Amino acid sequence: MDSGSRISRRDFMKLATLGAGSLSLIAGCAPKHPPGRRVLSDDDAGLLGAIADRIIPPDEWPGGRENGVVSFIDRQLDGPYRRFRGDYRRGLDAMTGTCLEKHRKRFESLSAEKQTRLLGEMESGGLRDGGWKEGFSKRFFEMVRSHAMQAYYGSPRHGGNPDYASYRMMGIDYPPILGQNRYRF
Amino acid sequence: MKNTHVNAVVVGAGAGGGVVAKELSTAGLSVVLFERGDWVSFEDHDNDELLSQRTTVLGNAFGPDDDRYRRVLVSEDGSTGIVYPSDGAYSNVAACVGSGTVSYGAMAWRYMAEDFRMKSTYGPVGGSTLEDWPVSYDDLEHCYEKAEWEIGVAGDSSLNPFAAPRKKPYPMPPFSYNREASMLESAMKRMGLHPFPIPMLRNSVPYAGRPACARRRTCCGFACPVNAKCGTHNTVIPAALSTGNCELRTRCVVGGLIIDASGRITGVEYFDGDNTKQEQTADIIVVAASATETPRLLLNSTSKHFPSGVGNRYDWVGRNLQGHAYTGAFGLFEEDIFDDVGPGATLAVSDFSHHNPGIVGGGILANEFTRLPYLFSNIRPPGSPMWGEEHKEFQRKYFRRNIQVVGPIQEMPFFDSRVQVDPSVRDSWGIPVVRLSGRRHPKDAEGCEFLSGKAEMILKEAGASRTWRHVPGSGLSGGQHQAGTCRMGDDPHTSVTDRFGRVHDTPNVFVSDASLHVTNGGFNPALTIMALGYRVGEYIAGEWQKGNRFK
Ligand SMILES: Cc1cc2nc3c(=O)[nH]c(=O)nc-3n(C[C@H](O)[C@H](O)[C@H](O)COP(=O)(O)OP(=O)(O)OC[C@H]3O[C@@H](n4cnc5c(N)ncnc54)[C@H](O)[C@@H]3O)c2cc1C
Ligand code: SF4
């Protein structure tokens, strides 16, 4: 799967900050896919996991990262969400680029507060430079937000929400037992 | 090998097509029923929210698929883009034996007498092609009755003073209210409204050899695990097949009608399951492919006799695409309400269906089908965060403490909301695809404002601590309640078919699906589509038995 040219991380980051983030996620830009993942590199996964934990933060119940958001997205990018690969590549690169430029750190290393602030700017379309042209920050944020919600609140069979953790959090029994609910009240 | 000639071809094994196939085959006609999809069951797609017919983010569980199907959408600003079946803008129903009737919420409404006489009742509406139907409620009453008894409806209309008169009660007793419905019932009664159990195409008791409903949270958008939901796939289609006169050909995509040198329509061209092109000739062709696919099929069928498509001499095929402006309100409560008694929707009021001051038509209001966790994650009061701690807290606090009251607003038909065929984009069989364009009539927004306001008042009366309304935008309608694109009428200049669904200018081509609807009522449409199926089927069978061969 990982055919094509490899480029070093530094070149890659340069490209990314220049806004040339149109490389496909499987075009060889990622150094390797760890076992169990299909599309996302370790860096991609680290970044997405950090975003997922801001979108659905951990508390007494798991956060987005622990509850399978990354594995859900990785799996869907090799399935029905194949059409979003380009957007993920562009958006993740633009995020890293913005964070390095503004904070000299990757998103994953920022404080939760700074992470939340940056995501809020993306949500409102406040980021416009580099890879964010044409309202992309808003579109990208909304895409990741909705995919994270699908992962967290959807069926475990798609890679997220192991053991229906979110169902348990919401107090919905799973699996539902046919007919049982008729006799409950 | 050439296919044997048959008396009738029916294109589409959905709500309308399934009924027609049964009527014709039981009357002794030989029938081939074409369906582009396949048989489906709960085993193929169970209770997976993300891959259902309601939330389609990972695809439509009951078809069509994103690989072979596409459409072109013309946006309000004039730009065009390709849309896929999993996109809402595609305007999908389903693609399988039974179509939407496998996975529908199964509300089983009769329209009211006014719904067939909208122009006479309210007068003309500027900018709208609002018109009376060429048939009345009384003409359709026995067809509704047949649909209710042959397909199966549970209900009790005696509690609804606005219900149109009926000769026979429902065959099954109504469903009991779930807890939220009981709360709403007392609130509505205090307000002087007339709540009643929603009539449902689901078995409340064992009926027609199938068991009673187990009341699950995954019903609307899903197939039924116990076969208690009544669609065409488990009633009229098996009845048609058991006559020995009807052959169902699944995974067969009909591309167009065959027109001979004299201008007579002699059959259909189709691609079979191996994508091989074949022909099927017939004396009669009934197109029942849904309000988006039926016009596509007619428009794709051209010859020197029909230069712009069959039935399209006056440019009415594909016009007046309607659906329902679904509108209502949410309410939050400070106590647990959710009792997990499916399918959620159990009670309605019809007080706002007609004769509302300043509004043309109206709609029923009902409590909504269970909102599953992902769908619920998108439901928040205006201004609330859509992510972060607060969003998560809301999800666990209010999932069991919210009620949604919604209803379908009768839309004003709009000539420029339409289905065309795209000049360049084709599906994977090379057939030109549907091109959708248009918007809602401005009057619809007034209806939504009105009905959502009523929904909000009901929720407040029921004790909601916070309420907010939701109304759809002004964009093109259609979707799961799509209708109106081959309207029936007595004047061939302003309609596509006559009062029996026969396409003007042809002796032997009929339409029998939601395309026929002149207006779409303030009710979910399936039972009316089925009733029209009985009307069209009865007419063809009756004429056939009199010796009419539709030459
Ligand atoms: C999730 C969901 C919930 C719903 N809930 C309700 C409800 O509660 N109450 C209600 O009244 N309605 C409900 N509906 C709507 C209802 O299902 C539709 O109104 C109804 O099925 C439309 O009937 P039709 O005959 O016009 O078209 P369909 O039932 O869509 O039938 C058309 C058939 O033609 C086939 N077809 C199309 N093109 C071709 C071709 N070229 N060749 C071969 N076959 C073809 C299609 O695959 C399909 O099977 C719901 C629908 C959905 C999806
Ligand atoms: S609620 Fe009843 S009809 Fe609906 S799927 Fe469940 S068992 Fe079937």
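These notes cover the structure that comes with them. (Residues numbered from 1 in each chain as written. Chains lettered and ligands numbered in written order. Predicted model: local features only at pLDDT ≥ 70, side-chain atom pairs only at ≥ 80, totals over all residues. Heavy atoms only, no water.)

Thoughts on the pattern of salt bridges
- Overall, the coordinates contain 54 salt bridges over all chains when judged by the stated rule.
- Here Arg-38 of chain A ties to Asp-78 of chain A by a salt bridge, and the two come within 3.9 Å at their closest N and O atoms. With Arg-38 of chain A in the loop between α1 (9–17) and α2 (42–55) and Asp-78 of chain A in the loop between α3 (69–77) and α4 (85–103), this pair connects stretches of sequence that are 40 residues apart.
- For Arg-38 of chain A, a relative accessible area of 35% puts it in the partly exposed group.
- A salt bridge links Asp-336 of chain B to Arg-400 of chain B; its shortest N-O distance comes to 3.3 Å. Of this pair, Asp-336 of chain B sits in the loop between β10 (324–332) and β11 (347–349) while Arg-400 of chain B sits in the loop between α9 (389–398) and β13 (402–410); the two residues are 64 residues apart in sequence, bridging distant segments of the chain.
- Salt bridges linked by common partners bring Lys-22, Glu-23, Lys-146, Glu-150 and Glu-538 of chain B together as one network. (Salt bridge = Lys/Arg side-chain N within 4 Å of Asp/Glu carboxyl O. Helix = DSSP H or I, 4+ residues; strand = E, 2+ residues; numbered from the N terminus. Buried < 20%, exposed > 50% of the residue type's maximum accessible area, 1.4 Å probe, protein only.)

Concerning the interface of chain A and chain B
- Residue-level contacts link 43 residues of chain A with 37 residues of chain B.
- Counting the surface lost from both chain A and chain B, the interface buries some 3300 Å², and carbon and sulfur atoms represent 57% of this.
- At the junction of chain A with chain B, the criterion picks out six salt bridges.
- A salt bridge links Arg-83 of chain A to Asp-87 of chain B; the nearest nitrogen and oxygen atoms lie 3.9 Å apart.
- Put simply, chain A and chain B have 16 residue pairs in polar contact (both at pLDDT 80 or more) between them. (Contact = heavy atoms within 4.5 Å. Buried area = accessible area lost by both parts, 1.4 Å probe. Polar contact = N/O pair within 3.5 Å; in protein donor to acceptor, adjacent residues only side chain to side chain.)

Considering the site of ligand 2
- Close contacts around ligand 2 come from Arg-202, Cys-213, Ala-214, Arg-215, Arg-216, Thr-218, Cys-219, Cys-224, Pro-225, Val-226 and Lys-229 of chain B, and that covers them all.
- Looking at side-chain class alone, the shell around ligand 2 contains six nonpolar, one polar and four charged residues. (Near = heavy atom within 4 Å. Nonpolar A, V, L, I, M, F, W, Y, C, P; charged D, E, K, R; others polar.)

Considering the nonpolar core
- Counting 103 residues, the largest nonpolar core has Leu-24, Leu-201, Ile-284 and Met-530 of chain B as its most contacted members.
- The greatest single-element share of this core, amounting to 11 residues, is contributed by helix α11 (residues 526–545) of chain B.
- Discounting chain neighbours no more than four positions away, the residues touching Leu-201 of chain B are Tyr-104, Ala-106, Met-107, Ala-108, Ile-151, Gly-152, Val-153, Lys-229, Cys-230, Leu-527 and Met-530 of chain B.
- Counting residues in each nonpolar core, the second largest holds 58 residues, with Phe-84 and Ala-148 of chain A together with Phe-338 and Trp-468 of chain B among its members. (Core = buried A, V, L, I, M, F, W, Y, C linked by side-chain atoms within 4.5 Å.)

Quick word on the side chain of Lys-229 of chain B
All names here are of chain B.
- Of note, Lys-229 is situated in the loop between β5 (196–197) and α6 (236–242).
- The buried charged residue Lys-229 lacks any salt bridge, with Glu-368 as its nearest oppositely charged partner at 13 Å.
- A polar atom in the side chain of Lys-229 sits 3.4 Å from the backbone oxygen of Val-102.
- In this structure Lys-229 touches Thr-101, Val-102, Ser-103, Tyr-104, Ala-106, Leu-201, Arg-202, Arg-210, Cys-219, Phe-222, Cys-224 and Asn-234, once residues within four positions along its chain are discounted. (Lys, Arg positive; Asp, Glu negative; His and termini not counted.)

Overview of the site of ligand 1
Residue and element names in this part refer to chain B.
- As a structural note, the neighbourhood of ligand 1 is formed by 36 residues, with Glu-35, Arg-36, Ser-99, Val-254 and Ala-526 the closest of them.
- Backbone polar atom of Gly-105 to a nitrogen atom of ligand 1: 3.0 Å apart, as the coordinates give it.
- With the chains in place, 98% of the 1000 Å² that ligand 1 exposes on its own is no longer accessible.
- Secondary-structure elements contributing two or more residues to the shell around ligand 1 are α1 (15–26), α2 (100–103), β7 (253–259) and α11.
- Of the residues assigned to the shell around ligand 1, the class counts are 19 nonpolar, 13 polar and four charged. (Areas by Shrake-Rupley, 256 points an atom, 1.4 Å probe, with all protein chains shown as cover.)

Brief notes about the packing of helix α5 (residues 179–190) of chain B against helix α10 (residues 442–461) of chain B
All names here are of chain B.
- At a closest axis distance of 8 Å, the pairing of α5 and α10 adopts a crossing angle of 105°. By the angle between their directions, the pair α5 and α10 is classed as roughly perpendicular. Of the residues in α10, those touching α5 at Leu-184, Ala-187, Met-188 and Arg-190 are Ile-458, Leu-459 and Glu-461. (Axes fitted to C-alpha atoms, helices over the stretch in contact; angles between N-to-C directions. Parallel < 35°, antiparallel > 145°, perpendicular 65-115°, else oblique.)

Describing the sheet that holds strand β4 (residues 80–83) of chain B
Residue and element names in this part refer to chain B.
- The strand order across the open sheet built from four strands is β4-β3-β15-β14, with neighbouring strands paired in mixed fashion. Of all the strands in the sheet, just β4 and β14 (418–426) have a single pairing partner and so form its edges. In this sheet, neighbouring strand axes are inclined to one another by 35° on average, regardless of whether the strands run parallel or antiparallel.
- Relative to strand β15 (residues 432–437), strand β3 (residues 71–74) runs parallel, the two being bridged by two bridges. Of the residues in β15, the one forming a bridge with Val-72 is Arg-435. (Pairing = 2+ DSSP bridges.)

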